[in-house]
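Summary of structural features
Next come the chains, spelled out residue by residue.
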Amino acid sequence: MKYSVVKTILNKIYTSRVPDPGDLEFVLSLRDPEEIREVFTFADKIREKFCGKGIALRGIIEFSNYCFRRCFYCGINKDNSKIKRYRMSRKEILDTVGRLVSCRIKTVVLQSGEDAGIDAAWLEDVILSIKSRFDIAVTLSVGERENEDYRLWRRAGAERYLLKIETSNEKLYSSMHPGMDFRHRIGCLNALKSLGYQTGSGIIVGLPGQDLKTIARDILFFKKRDFDMIGIGPFIPHQNTCFTDKPGGDAGLALKTLALTRIVTRNAHLPATTALGSLDRDYRPEGLACGANVLMPNFTPLPYRKLYEIYPQKRCVSEAPGACGTCMEKMAKGLGRFVDYSRADSLKKRDQFTAHS
Ligand code: SF4
């Protein structure tokens, strides 16, 4: 009987234009393994219906770990003087993109800290060079920049941009982002969308001060803003941050958040994040079985990879380049799915994706 109650609530959430936050909170609070399985199965069916069986790949290159921000949860924040900083050259990036393409991957994610040393014209040149040499989609994840920079990079051919909100609760956001303005971040997301980027966001589950109500609101935030992609990972405390003594996020809660996000957003691209794979064990297969449809193999060259330590014990910091392909294939096969080697553009099918504003 109790399982049908869960199913009724899931159906209500799925069919509501604006789901009731209380219903989301109820599902997030479930503890009974059978009830949780019910949630995951429901989300998996929605994934299959709207995204199919394919698991899309995004090859990530973490090209700079410089950052002038001081986010309390992040291991590469500017106050961490214990890490060696690096910034890859244009040639190193292009060589790495070549390796990624040789693994049949059709999307590169260029990610960095908020690095004031990244000149907009330099990154424009990198994008133009990638686009002239390779048939590949370019996703940027370099933080808050001037609208002019976003425009320049869009014109150079970058199609996608990731800017995680981390939490949609303004007060909580302000408490852990000194010198940053929640509204400015929202403004950046608006600008990216209006420039025609396929726009991604996301949150960290288990942040100090976050509760189920906050997470329920985050999920509604995703629905309202209709993001093309959404990354959800657990909080993992880093030893060189002021959150070092805080408890880490719970894998089960991160998975329930992922499942509900799938049910609510239907066809957004949702990765089984590297953070999900970096806990006491690798929870990415569970993520893929409860709504996720994307994996993000890391192509950052080995000397740099371990220096991009946004959280500790990050997965795959010492694997040889190319090792990911076998691992991803194995994971997909184990789930009765397949690796999708297409570009896997947004499933939202908006007209502006082809427009270069
Ligand atoms: S989360 Fe991003 S902006 Fe904040 S310190 Fe880390 S790299 Fe910098």
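Before reading on, note that the structure itself is shown above.
What comes next concerns the included structure.

The number of helices and strands found in the protein chain is 13 helices and nine strands. Relative to its length of 357 residues, the protein chain is compact, with a C-alpha radius of gyration of 19 Å against a globular reference of 21 Å. The buried share of the protein chain, taken over its 357 residues, is 57%. Restricting to contacts in the protein chain with at least 6 residues of sequence separation, those with at least 24 account for 77%. Seen as two clouds, the 57 positive and the 42 negative side-chain charges of the protein chain have centres 2 Å apart.

A separate point is the sheet that holds strand β4 (residues 137-141). With respect to topology, six strands assemble into an open sheet ordered β2-β3-β4-β5-β6-β7, the strand pairing being parallel. Looking at which strands have only one partner, the edges of the open sheet turn out to be β2 (59-64) and β7 (229-234). Pairwise comparison of adjacent strand axes, ignoring direction, gives a mean angle of 20° for this sheet. Taken together, the three bridges between strand β5 (residues 160-162) and strand β6 (residues 198-205) define a ladder with parallel strand orientation. Directly across from Leu162, in β6, lies its bridge partner Gly200. Across the sheet, helix α5 (residues 120-133) touches β2, β3 (107-112) and β4, and the angle it forms with β4 is around 160°.

Next up on the list: the site of the ligand. Neighbouring residues of the ligand: Cys67, Arg69, Cys71, Tyr73, Cys74, Ile76, Asn77, Gly113 and Glu114. Tallied by class, the residues present in the shell around the ligand amount to five nonpolar, two polar and two charged.

All right, on to the nonpolar core then. Among the nonpolar cores identified, the biggest contains 106 residues, and Leu110, Leu123, Leu140 and Trp153 are the most heavily contacted of them. The leading source of residues in this core is helix α10 (residues 251-265), at nine residues. Beyond its immediate chain neighbours, meaning those up to four positions away, Leu110 contacts Ile61, Phe63, Ile93, Leu123, Val126, Ile130, Val138, Thr139, Leu140, Ser141 and Val142. Within the second largest apolar cluster, eight residues are counted, among which are Ala56, Ile60, Met296 and Ala344.

This brings us to the environment of Ala156. Structurally, the position occupied by Ala156 is in helix α6 (residues 147-156). Distance in space between the C-alpha atoms of Ala156 and Ile130 is 9.8 Å, their sequence separation being 26 residues. Among all residues touching Ala156, those that are not within four sequence positions of it are Glu124, Ile127, Leu128 and Lys131.

Time to look at α10. Under the 1.5 Å per step criterion, the end-to-end length of α10 is 21 Å for 15 residues, consistent within 8% with the ideal 21 Å. Following α10 by one or two positions, Arg266 adopts a phi angle in the positive range, close to 65°.

Conventions adopted
Residues numbered from 1 in each chain as written. Predicted model: local features only at pLDDT ≥ 70, side-chain atom pairs only at ≥ 80, totals over all residues. Heavy atoms only, no water. Helix = DSSP H or I, 4+ residues; strand = E, 2+ residues; numbered from the N terminus. Rg over C-alpha atoms; globule rule 2.2 N^0.38 Å. Buried < 20%, exposed > 50% of the residue type's maximum accessible area, 1.4 Å probe, protein only. Contact = heavy atoms within 4.5 Å. Lys, Arg positive; Asp, Glu negative; His and termini not counted. Charge placed at Lys NZ, Arg CZ, Asp CG, Glu CD. Pairing = 2+ DSSP bridges. Axes fitted to C-alpha atoms, helices over the stretch in contact; angles between N-to-C directions. Near = heavy atom within 4 Å. Nonpolar A, V, L, I, M, F, W, Y, C, P; charged D, E, K, R; others polar. Core = buried A, V, L, I, M, F, W, Y, C linked by side-chain atoms within 4.5 Å. Expected span 1.5 Å × (residues − 1).

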